[in-house]
Amino acid sequence: MATSHEHTKIAISNGHIFIVWRDFRHNPQLVNSVYAQIMPVDEIGFFKPGDLNYDKALTLADVIGMVNYIFKGIEKYTPEGTLLVCDVNGDCKVSLVDVINLVNYLFKPGWPAPVGCPM
Ligand SMILES: [Ca+2]
Ligand SMILES: [Ca+2]
(Lines give C-alpha, C1' and ligand atoms only; values in the text may rest on other atoms or scores of the structure.)
(Ligands and ions follow the chains in the order given, each with its own letter.)
Protein backbone atom coordinates (compact mmCIF):
# COMPACT_ATOMS: atom_id res chain seq x y z
CA MET A 1 0.00 0.00 0.00
CA ALA A 2 1.30 3.50 -0.81
CA THR A 3 0.00 7.04 -0.73
CA SER A 4 1.49 10.45 -1.39
CA HIS A 5 1.13 14.13 -0.76
CA GLU A 6 2.92 16.93 -2.56
CA HIS A 7 6.05 16.56 -0.39
CA THR A 8 5.41 13.25 1.40
CA LYS A 9 5.37 9.61 0.33
CA ILE A 10 4.13 6.81 2.58
CA ALA A 11 4.25 3.08 1.97
CA ILE A 12 3.54 0.01 4.10
CA SER A 13 5.29 -3.26 3.42
CA ASN A 14 6.24 -6.35 5.46
CA GLY A 15 4.93 -4.85 8.72
CA HIS A 16 6.87 -1.61 8.36
CA ILE A 17 5.83 1.91 7.39
CA PHE A 18 8.15 3.94 5.19
CA ILE A 19 7.78 7.71 5.21
CA VAL A 20 9.84 10.00 2.99
CA TRP A 21 9.34 13.76 3.03
CA ARG A 22 10.85 17.09 2.16
CA ASP A 23 11.05 19.70 4.90
CA PHE A 24 10.96 23.32 3.78
CA ARG A 25 10.41 24.85 7.22
CA HIS A 26 13.97 25.99 7.89
CA ASN A 27 15.28 26.84 4.45
CA PRO A 28 12.99 26.96 1.43
CA GLN A 29 16.06 27.16 -0.82
CA LEU A 30 17.10 23.59 0.10
CA VAL A 31 14.70 21.82 -2.23
CA ASN A 32 16.76 18.63 -2.10
CA SER A 33 16.49 18.17 1.70
CA VAL A 34 14.82 14.77 1.88
CA TYR A 35 14.21 12.83 5.09
CA ALA A 36 13.05 9.28 5.66
CA GLN A 37 11.83 7.19 8.56
CA ILE A 38 11.13 3.48 8.72
CA MET A 39 9.36 1.94 11.70
CA PRO A 40 7.32 -1.14 12.57
CA VAL A 41 3.63 -0.54 12.01
CA ASP A 42 2.77 -1.71 15.53
CA GLU A 43 4.89 1.11 17.01
CA ILE A 44 2.99 3.93 15.33
CA GLY A 45 1.71 6.30 17.94
CA PHE A 46 3.73 4.68 20.72
CA PHE A 47 5.20 6.93 23.31
CA LYS A 48 5.74 6.75 27.02
CA PRO A 49 5.75 10.02 28.99
CA GLY A 50 9.33 10.74 30.01
CA ASP A 51 10.90 8.41 27.43
CA LEU A 52 12.75 11.09 25.48
CA ASN A 53 15.03 8.71 23.60
CA TYR A 54 12.16 6.36 22.65
CA ASP A 55 13.87 3.21 23.91
CA LYS A 56 10.70 2.19 25.82
CA ALA A 57 12.46 2.53 29.19
CA LEU A 58 12.68 5.39 31.67
CA THR A 59 16.31 5.96 32.65
CA LEU A 60 18.75 8.66 33.67
CA ALA A 61 19.38 9.26 29.94
CA ASP A 62 15.82 10.54 29.66
CA VAL A 63 16.35 12.89 32.61
CA ILE A 64 19.48 14.27 30.96
CA GLY A 65 17.63 14.70 27.66
CA MET A 66 14.84 16.57 29.39
CA VAL A 67 17.28 18.87 31.22
CA ASN A 68 19.04 19.58 27.94
CA TYR A 69 15.72 20.33 26.28
CA ILE A 70 14.57 22.72 29.00
CA PHE A 71 17.85 24.52 29.63
CA LYS A 72 19.73 24.38 26.33
CA GLY A 73 16.93 25.21 23.91
CA ILE A 74 14.70 23.46 21.48
CA GLU A 75 16.82 23.63 18.33
CA LYS A 76 19.37 21.04 19.39
CA TYR A 77 17.49 18.84 21.85
CA THR A 78 13.85 18.80 20.82
CA PRO A 79 12.62 15.23 20.48
CA GLU A 80 9.61 14.61 18.28
CA GLY A 81 6.37 15.23 20.15
CA THR A 82 8.18 17.14 22.87
CA LEU A 83 5.12 18.18 24.85
CA LEU A 84 3.71 14.68 24.89
CA VAL A 85 6.98 13.05 25.80
CA CYS A 86 8.34 15.59 28.29
CA ASP A 87 5.12 16.19 30.21
CA VAL A 88 5.69 13.73 33.04
CA ASN A 89 3.24 15.17 35.57
CA GLY A 90 0.32 15.51 33.14
CA ASP A 91 -0.25 19.28 33.37
CA CYS A 92 0.28 19.72 29.60
CA LYS A 93 3.32 21.96 30.17
CA VAL A 94 7.04 21.20 30.07
CA SER A 95 9.00 22.52 33.04
CA LEU A 96 11.50 21.67 35.75
CA VAL A 97 8.61 20.06 37.65
CA ASP A 98 8.60 17.30 35.00
CA VAL A 99 12.32 16.68 35.51
CA ILE A 100 11.81 16.45 39.29
CA ASN A 101 8.89 14.06 38.83
CA LEU A 102 10.91 11.82 36.54
CA VAL A 103 13.87 11.77 38.95
CA ASN A 104 11.52 10.94 41.82
CA TYR A 105 9.92 8.14 39.79
CA LEU A 106 13.31 6.66 39.00
CA PHE A 107 14.82 6.91 42.47
CA LYS A 108 11.96 6.96 44.99
CA PRO A 109 10.16 3.63 45.28
CA GLY A 110 6.39 4.07 45.14
CA TRP A 111 6.47 7.41 43.31
CA PRO A 112 3.61 7.48 40.74
CA ALA A 113 4.49 6.64 37.15
CA PRO A 114 4.49 9.47 34.57
CA VAL A 115 1.02 10.12 33.25
CA GLY A 116 1.49 12.53 30.34
CA CYS A 117 -0.82 15.23 28.99
CA PRO A 118 -4.35 13.88 28.53
CA MET A 119 -4.73 16.18 25.44
CA1 LIG B 1 14.18 6.19 27.48
CA1 LIG C 1 4.38 18.99 32.94
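How each quantity is defined
- Residues numbered from 1 in each chain as written.
- Chains lettered and ligands numbered in written order.
- Predicted model: local features only at pLDDT ≥ 70, side-chain atom pairs only at ≥ 80, totals over all residues.
- Helix = DSSP H or I, 4+ residues; strand = E, 2+ residues; numbered from the N terminus.
- Buried ≥ 20, exposed ≤ 12 C-beta atoms within 10 Å, placed from the backbone.
- Contact = placed C-beta atoms within 7 Å.
- Expected span 1.5 Å × (residues − 1).
- Arc of directions from axis to C-beta.

A tally of helices and strands in the protein yields four helices and four strands. Put simply, the protein runs from its N terminus to its C terminus through helices and strands in the order β-β-β-β-α-α-α-α. Relative to its full complement of 119 residues, the protein shows a buried share of 17%. Here the contacts in the protein between residues at least 6 apart in sequence split such that 43% fall between residues at least 24 apart.

Our focus in this paragraph is helix H4 (residues 96-107). Between its first and last C-alpha, H4 extends 17 Å over twelve residues, near the 16 Å set by a 1.5 Å rise per residue. Those residues of H4 lying buried are Asp98, Val99, Asn101, Leu102 and Tyr105. Axial view of H4: buried residues confined to an arc of 165 degrees, hence all on one face. Seen from the open side of H4, the exposed residues pointing more than 90 degrees away from its buried face are Leu96 and Phe107.

Over its 13 residues, helix H1 (residues 60-72) extends 17 Å from the first C-alpha to the last, a length consistent with the 18 Å expected when each residue adds 1.5 Å. Listed as buried for H1 are Asp62, Val63, Met66 and Tyr69. Each buried residue of H1 sits inside an arc of 125 degrees when the element is viewed along its axis, so together they form one side. Away from the buried face of H1 by more than 90 degrees, exposed residues Leu60, Phe71 and Lys72 are located. Where H1 ends, the next residue or the one after it, Gly73, has phi of about 100 degrees, a positive value.

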